Structures are given as structure tokens and as C-alpha cells.
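What follows is each chain in one-letter form.
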Amino acid sequence: MTTKETPYVGFTCAYTPLPLIEAAGYAPFRILPMGDSPDRAGQLLHDNLCPHVKRVLDRALDGDLPEMVGVVLMNSCDAMRRLADVWPSVRPNDRLILIDLPFTPDEAAISYFSGELSRLEKTLADWSGKPVSQEDLAEAIAAYNRLSSLFVTLRERMLNGSVAGGAARIQDLYNRAVTRPFLETLAVMDEMISDAASAGSTGDEVPVYAFGNVLPDPEAFELFASCGASVVDEDFCTGSRAFSPMDVTASGNMLPQMAKALLERPRCARTLHGTKAGTLAQEVLDRAIACKAQGVIACTAKFCDPYIARMPSVRQILREAGIPLLHIEGDCTMRSFGQQRTRIEAFAEMLRG
């Protein structure tokens, strides 16, 4: 397993097979769209492009990244493909692999994705100079699943209002978990879990369910709370979606099992159900009901076509269920998010009735 001196491999997507990177002897490092890097991505990419991709590129242009052995990008959308195109010109010393990510979790897609994971395994072995052992992969999956189970425990406590710092604290842990070796984060989370639970809510906040693509800044969740809305559950690719337990047995070839586990995790808007329309909307409604949310807040990046296409069905199904929806679009900066304070306060006040 990894240590503090372990070299990094960068990634940008919640569908990235993190245990495979750990098993290869690297620490996965998610290039989060955060920081104070100036807006320069427009010099290389179209201005009306996904701000998640642009903020990642801004960090690369600004030198706001650690030294990395290589970068694993998932071919999840056209914007990510454009990032893969331009990355070598910005960081020519980084090795890069682009992995195709199927849009559906059916049998054919799982088989294809398993082949892509095999290609990634071989590439990581080439980077390190040694093959990925099945023992190391099994150990990495076990550590990943341990992390995932601890996050489930924390989310259950958050639902009961017994996590000091609430959703902001848990988001900080998510950020740590995707930028440091697994064992480091496990030690921190084990200590936090063993501590006595303390109140995480004042009782004046209304419970809301939040979902979208990227919302990595803990300050955003603090903003919700300060406006009177307490996030009691969430589904973001920078949050719980990145840590869904993998049902993988350490026997035979584990890559097909990993491919299935990754493709069957909570879907983002670019993931489709092959035979049933509106699946994402139904899942949003089910999660909101399960956590007893009084309202739903959707936080999406501007120009994200998959979410633009899905939001009408989400709005309709929530309206039919009598659950109010607030949709916030941003450019992955707290500057733009903070401008929504008045809308969030009004939404929370409306929910209080």
C-alpha cells in the first residue's frame, strides 16, 4: 500500500478506478476545480465550455498542481476529450491516458469497460516498471471499501444532525480522500468516527438534498447552512458518488467485477439507462424522500449539456411529488456561488413556510 512519499497520479472523474491506481503503487490525486488560479483556460479552450474542465486546466496553467507521474482522464464527455487534447501542451512532462467510459451499465458496456481497465492496468505497470499484483489490488479494494463504509457511517450521522461541521466537514474529508493515499485518510476517519458525536445543526435549518456534478468546496456547504438550509444528503461526483462500495471478490480476474461496480454506482447525468427514460429524475426523488428533505438543491456547472438535458424531467417529477427545487448554475468558483446567497436564503425561508 501507499505511504506519504508515494508519487501521485492525477484524475478528474468519479468513475476513475482508484483502487487500481493505488495497487499500482501510486496515490490518486483528484484535480479538483478549486483554488485561486487566474482564468486562463479560454486561451486554449472555447469560453463556453464546461467550467469544471476549465478550472482544472487553469490549475495546470498556473502550476497549482503537485508533481505527478501521469494523469488518467475518463472519456466521459466532449469537454473531457478536449482537456485530454490540450493537456500535453500545458504539462508536457505528464504521461497521459484517456479511458473510454461507457454511457450505460449493460452487459456489453461492462465487458468493454473491463477491457479499458485492463489497458489502464498495463499502462500503470509501464509507468511504474512492475506489474500490478492481484494481492495489491485486493488490498487496495479492501481499503477503498473501508473508506466507503466510513463515509456511509458519517452520512448517516449527518442525517441525524450529529456530525460537527455537517456536510462541510464531510466534504473536506472527501477532498482529502481523493488527494492523499487511502491509509492516511483511513487513519483520520477512524479517529473521527471514534470521537463522541456532537451536534452538527442548530435545529433552525431546513433539511435539503443536494445533487449535481461538482461541488468540492466545503465553503459552499457552509453557505447553505448560513442561509438556513442544512444538506442532509448529497450526490456529487466530488462527494459520495466517488465512494460507492465495490462488490469485488479477490478471486480470479477482479477487473470485470470492478468495471461492473463502477458502472452501476449512482449515475451522473451523462450515464443513461438503456431501456428506461427519466431514471436520474426518479433517483433524485427517491434520495430526497429517503433523507426526508423538505427541498432539493441542484448545483450544476454552466454549459454542462447532460444536466441541461435532464433538469426538466427532474423538475417535473419533484413538482408532482410536491418537493420544491432550487437550481443553481455556476462556474466552479465560490465567487459565482456566493452571488446566489439571496436565492438560497429565499428558498430556505419558503421551505420553512
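Report follows, based on the coordinates. (Residues numbered from 1 in each chain as written. Predicted model: local features only at pLDDT ≥ 70, side-chain atom pairs only at ≥ 80, totals over all residues. Heavy atoms only, no water.)

If you tally the helices and strands in the chain, you get 13 helices and 8 strands. In terms of C-alpha radius of gyration, the chain reaches 20 Å, essentially the compact-globule figure of 20 Å for 353 residues. When the 353 residues of the chain are sorted by exposure, 56% land in the buried category. Long-range contacts, defined here as pairs at least 24 residues apart, represent 72% of the contacts in the chain between residues at least 6 apart. (Helix = DSSP H or I, 4+ residues; strand = E, 2+ residues; numbered from the N terminus. Rg over C-alpha atoms; globule rule 2.2 N^0.38 Å. Buried < 20%, exposed > 50% of the residue type's maximum accessible area, 1.4 Å probe, protein only. Contact = heavy atoms within 4.5 Å.)

Moving on, we come to the pairing of strand S6 (residues 229-235). Strand residues, when the strand is regular, have side chains that alternate between the two faces of the sheet. The buried fraction of S6 amounts to 7 of the 7 residues, a majority that puts the element mostly inside the structure. Inspection of the sheet shows strand S5 (residues 206-212) paired to S6 by 6 bridges, in the parallel sense. Bridge pairing links Tyr 209 to Asp 233 in S6. With respect to chirality, the unit in which S5 leads through helix H8 (residues 218-226) into the neighbouring parallel S6 is right-handed. (Pairing = 2+ DSSP bridges. Right-handed = clockwise from strand over helix to strand, strands pointing away.)

The full count for this structure, using the stated rule, is 20 salt bridges. Within the structure, one salt-bridge network assembled from shared partners comprises Asp 39, Arg 55, Asp 58, Asp 331 and Arg 335. (Salt bridge = Lys/Arg side-chain N within 4 Å of Asp/Glu carboxyl O.)

Spatial strand order, S2-S1-S3-S4: 4 strands in an open sheet with parallel pairing. Edge positions in the sheet fall to strand S2 (27-30) and strand S4 (95-100), since each has one partner strand and no second. Averaged over all pairs of adjacent strands, the angle between their axes in this sheet comes to 25°, without regard to strand direction. Pairing between strand S3 (residues 68-75) and S4: 6 bridges, direction parallel. For Gly 70, the partnering residue across the bridge sits in S4 and is Arg 95. Relative to the sheet, helix H3 (residues 78-90) contacts S3 and S4, its axis offset from that of S3 by approximately 150°. (Axes fitted to C-alpha atoms, helices over the stretch in contact; angles between N-to-C directions.)

Attention now moves to the sheet that holds S6. With respect to topology, 4 strands assemble into an open sheet ordered S6-S5-S7-S8, the strand pairing being parallel. Sheet topology places S6 and strand S8 (325-330) at the edges, where each strand pairs with a single neighbour. Direction aside, the axes of adjacent strands within the sheet are offset by 25° on average.

What follows covers the environment of Val 248. Inspection of the secondary structure puts Val 248 in the loop between S6 and helix H9 (255-263). Given the relative accessible area of 15%, Val 248 is considered buried. Separated by 100 residues in sequence, Val 248 and Ser 148 place their C-alpha atoms 14 Å apart. In this structure Val 248 touches Ile 141, Met 254, Gln 257 and Met 258, once residues within four positions along its chain are discounted.

If you trace the backbone, Asp 58 turns up in helix H2 (residues 51-62). Only 3.1 Å separates the side chain of Asp 58 from the side chain of Arg 55, close enough to count as a polar contact. If near-sequence neighbours (up to four positions away) are discounted, Asp 58 is found in contact with Ser 37, Pro 38, Asp 39, Arg 40 and Ala 41. (Polar contact = N/O pair within 3.5 Å; in protein donor to acceptor, adjacent residues only side chain to side chain.)

Most often, soluble globular proteins keep nonpolar side chains buried together rather than apart. Formed by 106 residues in total, the largest nonpolar core has its most connected members in Phe 151, Phe 211, Phe 224 and Phe 243. Ignoring sequence-local partners within four residues, the contact set of Phe 243 consists of Leu 18, Tyr 144, Leu 147, Ser 148, Phe 151, Tyr 174, Ala 177 and Val 178. (Core = buried A, V, L, I, M, F, W, Y, C linked by side-chain atoms within 4.5 Å.)

It is worth spelling out the environment of Phe 303 at this point. Topologically, Phe 303 is positioned in the loop between strand S7 (295-301) and helix H11 (305-321). In this structure Phe 303 comes out as partly exposed when scored by relative accessible area, which is 40%. When the C-alpha atoms of Phe 303 and Val 208 are compared, they prove to be 25 Å apart, with 95 residues separating the residues in sequence. What Phe 303 contacts, discounting residues up to four positions off in sequence, is Asp 47, Asn 48, Leu 49, Cys 50, Pro 51 and Ile 308.

At a minimum axis separation of 8 Å, helix H10 (residues 279-290) and H11 run at an interaxial angle of 40°. When the axis of H10 is compared with that of H11, the two are oblique. For the pair H10 and H11, the sense of crossing is right-handed. Contacts from Leu 280, Ala 281, Gln 282, Val 284 and Leu 285 of H10 reach H11 at Arg 310, Ser 313, Val 314, Ile 317, Leu 318 and Ala 321. In terms of residue class, the contact of H10 with H11 is built from 8 nonpolar, 2 polar and 1 charged. (Parallel < 35°, antiparallel > 145°, perpendicular 65-115°, else oblique. Left-handed = near helix turned anticlockwise from the far one by under 90°. Nonpolar A, V, L, I, M, F, W, Y, C, P; charged D, E, K, R; others polar.)

Looking now at helix H4 (residues 107-128). Counted at 1.5 Å a residue, the expected span for H4 with its 22 residues is 32 Å, and the 32 Å between its end C-alpha atoms agrees. All of the buried residues along H4 are Ala 109, Ile 110, Phe 113, Ser 114, Glu 116, Leu 117, Leu 120, Glu 121, Thr 123, Leu 124, Ala 125 and Trp 127. Buried residues in H4 make contact with strand S1 (8-11), helix H1 (18-23), S3, S4, helix H5 (134-159) and H9. One side-chain oxygen at the N-terminal end of H4 lies 3.3 Å from the backbone nitrogen of Ala 108; it belongs to Asp 106. Just downstream of H4 lies Gly 129, where phi reads positive at about 85°. (Expected span 1.5 Å × (residues − 1).)

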